[in-house]
Amino acid sequence: MPVVLALGISIMVVNESTYRHSHSTLSAGIALTDARVQATETLQLLTAASLYAHAYILSGSTDEAVHYREVVKQMHAVKQKAFDLIAQVDSAQTISVDTVEALVSEEIRDTDEWVDLVARGQPTTARTDAISTRSRERRDQLREEFALILEKAAEIQQGARFSLYNALSMSRLAVHLLALAAVLSMFVFQRQLRQSDQLLIEERLNLSDRVKERTAELTEMATHLVHAREDERARLAREMHDEMGGLHTSMKLEFARLRRVPNMPANAPELLASIEARLNESIALKRRIIENLRPSALDQLGLMPALEILCSDMESVLGQRVQADLAPVSSSKAADLTLYRIAQEALTNIGKYAGGASVQVRLAQTGSEIQLTVRDNGKGFNPAQIGHGRHGLVGMRMRLESHGGQLSIQSAPGQGTTIVAKLPAQAPTAQT
Amino acid sequence: MPTLKALIVEDNPIILGNLVTTLEELTEVKVVATVDNEADAVRELTQRGQELDLVIIDVFLTAGSGLGVLKTAQGLPLTARRVVLTNYATDDIRRRCASLGSDRVFDKSKELDNFLEYCESLGEH
């Protein structure tokens, strides 16, 4: 930017100074020509004055005297003009017009004297004076002096012309150079722009890479967390099932034995029954907790049986009919767990929000695509306004996508809800 | 009264202990062998299958599956009754066990009394 500014100012300065120089040189040239004309005119008037003076001497007519004085006046005016024009050319004031001035004064002094003499009635004296060659000699000298002055002025003018030629050459060179500089700077700017564009592109690519990296990191972390959680749940479920389960079954067995013990006190059976009832409740509770943590049926029997059990369990929890329409599908253990969790989440949500009458759960494989559908005829909702409880399904979508699948939720207020999870079929994980 | 010789396939030691005690106390069943995995169960069946009257199988074992044991048993010339004890007595499991040759399926938590009654009834015929 400052380069462009500098270039612009330079061009304007060069242009202006060249113009001024040319202008003054031209004016001076015109002045010189005019000065020559005026000088010639001066000499002519001087000669005319002399003639009128002679005529007056010869004729004595006052007309001639009048003419004489007019011409003298004219001559002075023209002479001054000539001097002014010369001064215009000679701005340094090196030329002196004193000699010319002096000669003119002498001549006029003489002619004035003649006219006076005739006016005073002494024409003869005047005639004698006028006959001398002095006047002519003086006019010759005057002519020479004028010529000299004009020559000096012409020299000055010539000098000025040379300097103008130089200035014009330099100006021409300067403008060429400035034009070249302008073009060059434009190229430099272009390159700079391209470079900065390049930098921007690189920067953007860089950022895009970093974003991709970060997203991959976050996805990895999220997946890791999901796995960690599932692993923990599995561990808890296993502990409850194996250890607590063993204790429960043992207690049931012992109760069976206890019931057959003879001679029990009267209130014993009632108490026994009560305790056993508590035990049964405890077992039921344990089972519910285990199934919520890690459906062991899923690991041991597979997705289809696990979903079957889930549906029948949920029937009593929801108080609705849960129709299970399940077919075997080919999927890995991880995908099984994800699909199971989706069904679990969907059914839990139905319990929390839908309040309908019936639920359909469908599992099928068409070609190489597995599809799980959970449909209810409850309240429905507006999918655009996903509220608190739906976060579970949003998390499920991510899990599903990590298997290369997709989740779609269709719902409208008053029109029930349909949740469809699709994913590509996979080779089943080998059973241990 | 004839004693019924039984093989129990169960991997939980607490349940196993109680099961043996209860059976011997309340029924005519005598437990002659216990194993906790499919491979051992198969071995017992092939070696001593003829002697057995009753095989009690838990579906979920740490190594192998009770269903596998059933399947093997189906292929052998066994006279023993096969009874499944499980925590997951769903229709599907019942169907599967039945198709693999089981005589009865009992839910470990809800149907223990029925199981004991069944064992008792075996001794009476």
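Here's a quick rundown of the structure.

Conventions adopted
- Residue positions are counted from 1 within each chain, in the order its sequence is given.
- Working convention: letters from A go to chains and numbers from 1 go to ligands, in the order in which they are written.
- Since the coordinates come from a predicted model, pLDDT governs what is reported: local features require at least 70, and pairs of side-chain atoms require 80 or more to be given and counted, while whole-chain, interface and lining totals use all residues.
- Note: side-chain values were computed over all heavy atoms of the structure, leaving out hydrogens and water.
- Helix numbering and strand numbering both begin at the N terminus, where a helix is a DSSP run of H or I of at least 4 residues and a strand a DSSP run of E of at least 2.
- Note on classification: 1.4 Å probe, protein chains only; a residue is buried when its accessible area is under 20% of the maximum for its type, exposed when over 50%, partly exposed between these limits.
- Throughout, a residue-residue contact means that at least one pair of heavy atoms, one from each residue, lies within 4.5 Å.
- To measure how exposed things are, a 1.4 Å probe is used in the Shrake-Rupley method; for residues, cover is taken only from the protein chains shown.
- Buried residues of nine kinds, namely Ala, Val, Leu, Ile, Met, Phe, Trp, Tyr and Cys, make up a nonpolar core once their side-chain atoms join them within 4.5 Å.
- Any Phe, Tyr or Trp ring, taking Trp's six-membered ring, that has another such ring centre within 6.5 Å forms a pair; planes under 30 degrees apart are called stacked, those over 60 apart edge-to-face, and the others tilted.
- Here a strand pair is declared whenever DSSP counts at least two bridges between the two strands.
- By definition, the crossover connecting two strands over a helix is right-handed if that path, from the first strand to the second, turns clockwise as seen with the strands pointing away from the viewer.
- Salt bridges are counted wherever a side-chain nitrogen of Lys or Arg sits within 4 Å of a carboxyl oxygen of Asp or Glu.
- Only C-alpha atoms enter the line fits that serve as axes; for helices the fit covers just the stretch in contact. Angles between N-to-C directions range over 0 to 180 degrees.

## Quick look at the overall build of chain A
So, point 1. Counting its regular elements, chain A contains 10 helices and five strands.
So, point 2. When burial is assessed residue by residue, chain A has 35% of its 432 residues classed as buried.
So, point 3. Contacts in chain A between residues far apart in sequence, at least 24 positions, make up 74% of those at least 6 positions apart.
So, point 4. Approximately 25,700 Å² of chain A is accessible, and the part contributed by carbon and sulfur atoms is 57%.

## With respect to the nonpolar core
So, point 1. Counting residues in hydrophobic clusters, the biggest one holds 61 residues, and the most contacted among them are Leu307(A), Leu347(A), Val359(A), Val361(A), Leu372(A), Leu7(B) and Leu45(B).
So, point 2. It is helix H9 (residues 333-354) of chain A that contributes the most residues to this core, 10 residues altogether.
So, point 3. Here Leu45(B) is in contact with Leu7(B), Leu52(B), Val55(B), Val69(B), Ala73(B), Leu76(B) and Leu78(B), once residues within four sequence places are set aside.
So, point 4. Counting 38 residues, the second largest nonpolar core, distinct from the first, contains Ala31(A), Val71(A), Val89(A) and Trp114(A).

## Concerning the packing of aromatic side chains
So, point 1. Counted by the stated rule, this structure contains three aromatic pairs over all chains.
So, point 2. Ring geometry for Phe83(A) versus Phe146(A): centroids 6.5 Å apart, planes at 35°, classification tilted. A residue pair is termed long-range when its members are at least 10 positions apart, and Phe83(A) in helix H2 (residues 62-89) and Phe146(A) in helix H5 (residues 134-259) qualify at 63 residues.
So, point 3. On the basis of relative accessibility, which here comes to 2%, the residue Phe146(A) falls in the buried class.
So, point 4. A centroid spacing of 5.6 Å and a plane angle of 65° characterise the contact between Phe106(B) and Phe115(B), whose relative ring orientation is edge-to-face.
So, point 5. Ring pairing ties together the aromatic residues Phe106(B), Phe115(B) and Tyr118(B), which thus form one cluster.

## Section: the pairing of strand S1 (residues 321-326) of chain A
All names here are of chain A.
So, point 1. Pairing geometry for S1 and strand S2 (residues 358-366), over six bridges, is parallel. Its bridge partner lying in S2, valine 322 is registered against valine 359.
So, point 2. Following the chain from S1 across H9 to the adjacent parallel S2, one finds a crossover that is left-handed.

## Here we look at the pattern of salt bridges
Residues and elements named next belong to chain A.
So, point 1. Scanning the model with the defined rule gives 29 salt bridges over all chains in all.
So, point 2. Here glutamate 230 ties to arginine 233 by a salt bridge, and the two come within 3.5 Å at their closest N and O atoms. Taken together, the positions of glutamate 230 and arginine 233, both in helix H5 and three residues apart, correspond to about one turn of that helix.

## Points about the sheet that holds S2(A)
All names here are of chain A.
So, point 1. Taken together, the five strands give an open sheet; going across it, the order is S1-S2-S3-S5-S4, and neighbouring strands pair in mixed fashion. The open sheet has two edge strands with one neighbour each: S1 and strand S4 (406-411). Recorded for the sheet is a direction-independent mean angle of 10° between the axes of neighbouring strands.
So, point 2. Of the strand pairs in this sheet, S2 and strand S3 (residues 369-376) are connected by eight bridges, and their pairing is antiparallel. Looking at the pairing, leucine 363 lines up with leucine 372 of S3.
So, point 3. Lying on the sheet, helix H8 (residues 303-318) is in contact with S1, S2 and S3; it crosses S1 at an angle near 170°.
So, point 4. Along the sheet, H9 makes contact with S2, S3, S4 and strand S5 (417-424), crossing S3 at roughly 10°.

## Side note on helix H3 (residues 66-75) of chain B
So, point 1. Those residues of H3(B) not exposed but buried are Gly66(B), Leu67(B), Gly68(B), Val69(B), Leu70(B) and Ala73(B).
So, point 2. Those residues of H3(B) that are buried lie in contact with helix H2 (38-48), strand S3 (54-58), strand S4 (81-86) and helix H4 (91-99) of chain B.

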